[in-house]
Amino acid sequence: MGPVEDPKEAVVLSRLSESTKAISELTECRNVCKKMYGNLVRRAKLLSPLFEELRDSEEELGEEEVKAFESLRLAVDSAMLLLASVNRESKLYLALREKVAQKFQQVTEQIEAALSEIHYDKLDLSEEVREQIELVHAQFKRAKGRMDTLDLQLDIDLAIAQKEKNLTLQYLKDFQKSCISRPSMINGDPGDCFENMSSLFKKIKDWVLSANPQVDTSESEKGLMKHRSPVIPDDFRCPISLELMKDPVIVSTGQTYERSCIQKWLDAGHKTCPKTQQTLLHTALTPNYVLKSLIALWCESNGVELPKKQVSCRSKKSGSNVSDCDRPAIDALLEKLANGNTEQQRAAAGELRLLAKRNADNRVCIAEAGAIPLLVELLSSPDPRAQEHAVTALLNLSINESNKGTIVNAGAIPDIVDVLKNGSMEARENAAATLFSLSVIDENKVAIGAAGAIPALIALLCEGTPRGKKDAATAIFNLSIYQGNKARAVKAGIVSPLMRLLKDAGGGMVDEALAILAILASHQEGKTAIGQAKPIPVLVEVIRTGSPRNRENAAAVLWSLCTADLEQLKLSKELGAEEALKELSENGTDRAKRKAGNVLELLNRIEVGVDDT
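Heads up: these notes are all about the structure in this document. (Residues numbered from 1 in each chain as written. Predicted model: local features only at pLDDT ≥ 70, side-chain atom pairs only at ≥ 80, totals over all residues. Heavy atoms only, no water.)

1. Points about the overall build of the protein
For the record, the criterion: Elements are defined by DSSP. Helices are runs of H or I of four residues or more, strands are runs of E of two residues or more, and each kind is numbered from the N terminus. Here's how the labels work: a residue is buried when its accessible area is under 20% of the maximum for its type, exposed when over 50%, partly exposed in between, all with a 1.4 Å probe on protein chains only. Should any heavy atoms of two residues lie within 4.5 Å, those residues are considered in contact. Note on areas: Shrake-Rupley, 1.4 Å probe, and residue coverage restricted to the protein chains presented here.
Of regular secondary structure, the protein possesses 33 helices and three strands. The proportion of buried residues among the 613 residues of the protein is 52%. Contacts spanning at least 24 positions in sequence make up 72% of the contacts within the protein whose residues lie at least 6 apart. As displayed, the protein has an accessible area near 28900 Å², and 50% of this comes from carbon and sulfur atoms.

2. Some details on unusual backbone geometry
With a phi close to 65°, Gln 277 is a non-glycine residue in the positive phi region. Take Gln 277: it is sitting in the loop between α12 (259-267) and β3 (286-287). Given a relative accessible area of 51%, Gln 277 falls into the exposed group. At Lys 534, a position not held by glycine, the phi torsion is positive, near 50°.

3. Describing the sheet that holds strand β2 (residues 256-258)
Think of a sheet as strands paired side by side through backbone hydrogen bonds, with each pair either parallel or antiparallel. Just so we agree on the cut-off: Whether two strands pair depends on DSSP finding at least two bridges between them. Axes here mean lines fitted to C-alpha atoms, for a helix over just the part in contact, with angles spanning 0 to 180 degrees between N-to-C directions.
If you trace the three strands from one edge of the open sheet to the other, you get β2-β1-β3, paired in antiparallel fashion. Among the strands making up the open sheet, the edge pair consists of β2 and β3. Bridging between strand β1 (residues 248-250) and β3 involves two bridges; their strand directions are antiparallel. Along β3, the bridge assignment pairs Ile 250 with Thr 286. The sheet strands contacting α12 are β1, β2 and β3, and the helix crosses β2 at an angle near 95°.

4. A word on the packing of helix α30 (residues 548-562) against helix α32 (residues 577-587)
Formally: In this scheme, roughly parallel covers angles under 35 degrees and roughly antiparallel covers those over 145, while 65 to 115 is roughly perpendicular and the rest are oblique. Helix crossings fall into two classes, left-handed where the near helix is turned counterclockwise from the far one by less than a right angle and right-handed where it is turned clockwise. For this classification, Asp, Glu, Lys and Arg are treated as charged, while Ala, Val, Leu, Ile, Met, Phe, Trp, Tyr, Cys and Pro are nonpolar and the rest, including Gly, are polar.
Where α30 meets α32, the axes come as close as 12 Å, and the angle between the chain directions of the two elements is 125°. Compared by their axis directions, α30 and α32 come out oblique. Viewed along their axes, α30 and α32 form a crossing whose handedness is left-handed. Contacts from Arg 551, Ala 555 and Leu 558 in α30 reach Ala 580, Leu 581, Glu 583 and Leu 584 in α32. For the contact of α30 with α32, a count of residues per class yields five nonpolar, no polar and two charged.

5. Quick look at the environment of Ser 24
Following the sequence through the fold, Ser 24 ends up in helix α1 (residues 8-24). A residue is classified by how much of its surface remains accessible, and Ser 24, at 32% relative accessible area, is partly exposed. For the pair Ser 24 and Leu 46, spaced 22 residues apart in sequence, the C-alpha separation works out to 9.5 Å.

6. Side note on helix α22 (residues 442-450)
Just so we agree on the cut-off: Note that the arc is defined by the directions from the helix axis to the C-beta atoms.
Within the sequence span of α22, burial applies to Asp 442, Asn 444, Lys 445, Ile 448 and Gly 449. Take α22 and look down its axis: the buried residues cluster within an arc of 145°, on one side only. Exposed residues lying more than 90 degrees from the buried face of α22 are Glu 443 and Ala 450. Residue Gly 452 follows α22 closely and has a positive phi angle near 85°.

7. Looking at the side chain of Asn 478
For Asn 478, the location among the structural elements is in helix α24 (residues 466-479). On the basis of relative accessibility, which here comes to 12%, the residue Asn 478 falls in the buried class. The contacts of Asn 478, once residues within four sequence positions are left out, are Phe 436, Ser 439, Val 440 and Lys 445.

8. With respect to the nonpolar core
Our working definition: We define the nonpolar core as a collection of buried residues of types Ala, Val, Leu, Ile, Met, Phe, Trp, Tyr and Cys that are connected through side-chain atoms lying within 4.5 Å of one another.
Core analysis: the biggest nonpolar cluster contains 96 residues, and Leu 375, Leu 457, Ile 494, Leu 502, Leu 520 and Leu 581 have the highest contact counts within it. For this core, the element with the most residues is helix α27 (residues 510-520), which contributes eight residues. Beyond its immediate stretch of four places on either side in the chain, Leu 520 contacts Ser 480, Lys 486, Ala 489, Val 490, Ile 494, Leu 498, Gly 526, Lys 527 and Ile 530. Core analysis: the second largest hydrophobic core is formed by 43 residues, Met 36, Ala 79, Met 80 and Leu 83 among them.

9. Here we look at the packing of aromatic side chains
For any pair of aromatic rings, geometry is given as the distance between the ring centres together with the angle between the planes. Selection rule: Each Phe, Tyr or Trp ring, with Trp reduced to its six-membered ring, pairs with another whose centre is within 6.5 Å; inter-plane angles below 30 degrees give stacked pairs, above 60 give edge-to-face pairs, and intermediate values give tilted ones.
The tally for this structure, following the rule as stated, stands at two aromatic pairs. With centroids separated by 6.5 Å and ring planes inclined at 80°, the aromatic side chains of Phe 51 and Phe 69 adopt a geometry described as edge-to-face. Residue Phe 51 is located in helix α3 (residues 48-56), and its partner Phe 69 is located in helix α4 (residues 63-88); the two are separated by 18 residues in the primary sequence. Here Phe 51 and Phe 69 have matching classes, each one buried. Considering the side-chain rings of Phe 236 and Trp 298, the 6.2 Å spacing of their centres and the 75° angle between planes classify their relative orientation as edge-to-face. With Phe 236 in the loop between α11 (219-226) and β1 and Trp 298 in helix α13 (residues 289-301), the pair connects residues that are 62 residues apart, well separated along the chain.

10. Some points on the side chain of Asp 471
The residue Asp 471 is located in helix α24 in this model. In this structure, Asp 471 is in contact with Glu 429, Ala 432 and Ala 433, ignoring residues within four places of it in sequence.

11. Considering the pattern of salt bridges
What counts here: The working definition used for a salt bridge is a side-chain nitrogen of Lys or Arg within 4 Å of a carboxyl oxygen of Asp or Glu.
Tallied over the full model, the rule gives 23 salt bridges. In this structure, Asp 442 and Arg 15 form a salt bridge, with 2.8 Å as the shortest nitrogen-oxygen distance. With Asp 442 in helix α22 and Arg 15 in helix α1, this pair connects stretches of sequence that are 427 residues apart. Judged by its relative accessible area of 14%, Asp 442 falls in the buried class. By relative accessible area, which is 36% here, Arg 15 ends up partly exposed. The residue Glu 463 makes a salt bridge to Arg 428 at a minimum N-O spacing of 3.2 Å. Here the residue Glu 463 occupies a position in helix α23 (residues 453-463), and Arg 428 occupies one in helix α21 (residues 425-438), the gap between them amounting to 35 residues.

12. Some points on a negative patch on the surface
Counted only if it meets this: Candidate patch residues must exceed 30% relative accessible area and have no salt bridge, after which like charges are joined if within 9 Å and Val, Leu, Ile, Met, Phe, Trp or Tyr side chains if within 5 Å. Positive charge is attributed to Lys and Arg, negative charge to Asp and Glu, and no charge count is given to His or to the chain ends. By convention, the point assigned to a charge is CZ for Arg, NZ for Lys, CD for Glu and CG for Asp.
A grouping of Glu 127, Glu 128, Glu 131 and Glu 134 is seen on the molecular surface, where their side chains present a negatively charged patch. Positionally, Glu 134 belongs in helix α7 (residues 127-144). Since its relative accessible area comes to 40%, Glu 134 is described here as partly exposed.

13. Some points on the environment of Leu 40
Counting through the fold element by element, Leu 40 comes out in helix α2 (residues 34-45). Note on Leu 40: relative accessible area 2%, which makes it buried.

Written out as structure tokens, the structure reads:
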């Protein structure tokens, strides 16, 4: 695609690609929506090649196509939200809840309508991708005409449970597994299913009383029972501490943990689920009221004292005089920041830096107290250490999504870029990381590029410590999603340092260099500059011996260079690219296979041309 001022086209395709990737990484659904869930995931995954090929294409989309893809983006995002929410629901909750199937039908119709607005004949697509997308569109059309149904088995089981006078132990175990991950059954307004839920819980309690007559014994006997140390069911233990949960909460993967334990895990900067190692879609914690009720019943029946909810999972950090979310103390720090001398400002900024790093509550509290404008002002301080504390505090505060907008609105971008250019090495590294964090919001990519950040980031990429180079590379990559910043990066001379990093296998920057080259190669100026750097030998070597992701990016760069460039194509053939590409087309990632196939097709055309002459 040619350079455009409006980043919307690149952003829409990038978001579609990210959403379909997120859908493909969702865990398998095991509840009553399994069939509908599986069908929607399968169809959505098949759309991925369309977005990736268009992102790599040099042809610019028209206004109508951009609007059509924006509609498709909204539809795919709706599908992702539905799939993620349904996969966290318990079988029991979904069986008692109505209109789940209708939601799947609505999302299917929404995607089909968006696909109908796209004119595939006007897009620069390979034949295989065009055929695949037309096939997927046909599947969505057929699915639109019929509505899938939920698994009827659980409905039958529930009906039996409602009629049974006594519940068996096996049924209780099945019930516990079914509802253990979902608070919605008794949280909020359960509507018509409340009566059914109440009935089932009453049956559970009756069973507990009948199966454990000791619950009616005297207090002294109950005291003896406590010393028998009943075995805690595994589902009642926190996967982190292995202790009986007091305040169970659910993370985005559907796993349940003790609140204090998972909060400490998140506060330490982890982005994954401890049990499944899946990346968390968000860090919100949802109370698991159903499991809490079952734990309370178990405690009552076994003479175990009901666990008391911990007041706070956080402890004071040594060396700090401020407790978490201590607003008066934070206000006192801001007073020093606003009116103190240089030493007091430096100390206050350092304290805020540590507090903002510690946990999410602090980040909200500090921002609400009005710290961000004062920290932005401190970026211009002549004191290097105060400047370093200020930019790092802003970096930590920017982890909170709403704080990103506050930081930008405070006019921080030009000052952060100035720190990136002139600050100490640690300040420059943290300035680069802050720009990366802010660039997650698409409109900020434009503002950061316009403020002159890219040449300064390239300088850090060349001069920085290993950590600084990583920070610079990730910021450059993210900024280059916007077409205008690709041109800025090329004009600032980024290709030469990237080639040096690519050839230095022991420098630890090959992954980053190839990723940036792959995104720049989709831009005409980037393609020209990369071609002039004579990259074919090292690209062929990476395709032959690199990691799966690097082989994929190397093939993408090679395809861009060889398209409409006979000299690059002939050189690739002379260097033995054909054999490496054939192997990659069989064993690479899906995208790598497509890119390898495209280059092989170009190489075959050379042979045909030679034979014809």
